[in-house]
Amino acid sequence: MGPPTPGSVVNLLPTATSTDVAELQPRVAVLPIGSFEQHGRYLPLITDTAIACIIGQEIASRYPVHLLPPITMSCSHEHAGFPGTVSISAKTLYAVIDDIRASLARSGIHKLVIVNGHGGNYVLSNIVQEANVDGPSVSLFPLGADWDRARDHADLVSDRHADMHAGEIETSILLHAAPELVREGYSEADHDGGPRPFLLVQGIAAYTESGVIGFPSLGTAEKGKAVLASLTEGFALHLAALGGSR
């Protein structure tokens, strides 16, 4: 399978009109954050963005939220040794989210859920921590517990450590929601990265030549569908923590 045909890639952008939002009167906005980083030979640089958007679309189809377009580049510095990866600084990501929150507040939306598709965006935890000092206003989704429930629900074989990057769970989600993004050969791309104590010091290239740490061969569309179903169900807990969607 070659590169995706132009126009066939999953629609990453929300298509609501201003009138749609006015009628919905959402109290909570959802902001997908992805990355533009290597995902081995068989998954695209936009993998994390696509997954964050897919999760956001599932959420918006079920809950009365204001789905925003994604932030498509983030903190992928650990992948800098691989061609194509582009990063922005943590302070830039912080500033962009801060600006978005201020703009939302001016339009009457004071609650935000950040749907994070890239595990290296550590700054997001600090953003959420600081934002909630005066009361619940921002949640980060999915958390580790959300991912673990989704893995159990979908009967995934691997765990989060072993399946860190371009593995079973990411491949499964794309096989279900955007199969045109998955190139042939992923079933032979498994790589066990083992312990990775100095990932932040040496980068991911110290633990994988291919860019993969995980088991894409285990990925199936059925697992991807089940993962998304679990995450969509679990999102209700985050809305409740923020005080509800209405």
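Report on the accompanying structure. Just so it is clear, the model here is predicted, and its values are computed rather than measured.

About the thresholds
- Residues numbered from 1 in each chain as written.
- Predicted model: local features only at pLDDT ≥ 70, side-chain atom pairs only at ≥ 80, totals over all residues.
- Heavy atoms only, no water.
- 1 Å grid on protein atoms, 1.4 Å probe; cavity = no way out; pocket = protein on both sides within 12 Å on 5 of 7 lines; lining within 4 Å.
- Points joined across faces, edges and corners; volume = space filled by probe spheres on them.
- Nonpolar A, V, L, I, M, F, W, Y, C, P; charged D, E, K, R; others polar.
- Buried < 20%, exposed > 50% of the residue type's maximum accessible area, 1.4 Å probe, protein only.
- Helix = DSSP H or I, 4+ residues; strand = E, 2+ residues; numbered from the N terminus.
- Pairing = 2+ DSSP bridges.
- Axes fitted to C-alpha atoms, helices over the stretch in contact; angles between N-to-C directions.
- Left-handed = near helix turned anticlockwise from the far one by under 90°.
- Contact = heavy atoms within 4.5 Å.

The gaps left among the atoms become clear once a water-sized probe is rolled over them. Following the criterion strictly, the structure yields two cavities of 30 Å³ or more and no others. Forming the boundary of the largest cavity are His39, Tyr42, Leu43, Ala166, Tyr186, Ala189, Val212 and Pro216. Classifying every residue of the lining of the largest cavity by side-chain character gives seven nonpolar, one polar and no charged. In this structure, the second largest cavity encloses a volume near 30 Å³.

So, on to the pairing of strand β4 (residues 138–141). What you see with β4 is no split at all: Val138 and Leu140 on one side and Ser139 and Phe141 on the other are buried throughout. In terms of strand pairing, strand β3 (residues 111–116) meets β4 through four bridges, oriented parallel. Its bridge partner lying in β4, Val113 is registered against Ser139.

Before going further, it helps to examine the packing of helix α2 (residues 47–62) against helix α6 (residues 168–177). Packing of α2 against α6 leaves a shortest axis separation of 10 Å and a crossing angle of 60 degrees. Between α2 and α6 lies a crossing of left-handed hand. Residues Thr47, Asp48, Ala50, Ile51 and Ile54 of α2 form the contact with α6, whose participating residues are Glu170, Ile173, Leu174 and Ala177. Looking at side-chain class alone, the contact of α2 with α6 contains six nonpolar, one polar and two charged residues.

Moving on: the environment of Ile54. Locating Ile54 in the fold gives a position in helix α2. Residue classification places Ile54 among the buried positions, given a relative accessible area of 3%. Distance from Ile54 to Leu174, taken between C-alpha atoms, is 8.9 Å for residues 120 residues apart in sequence.

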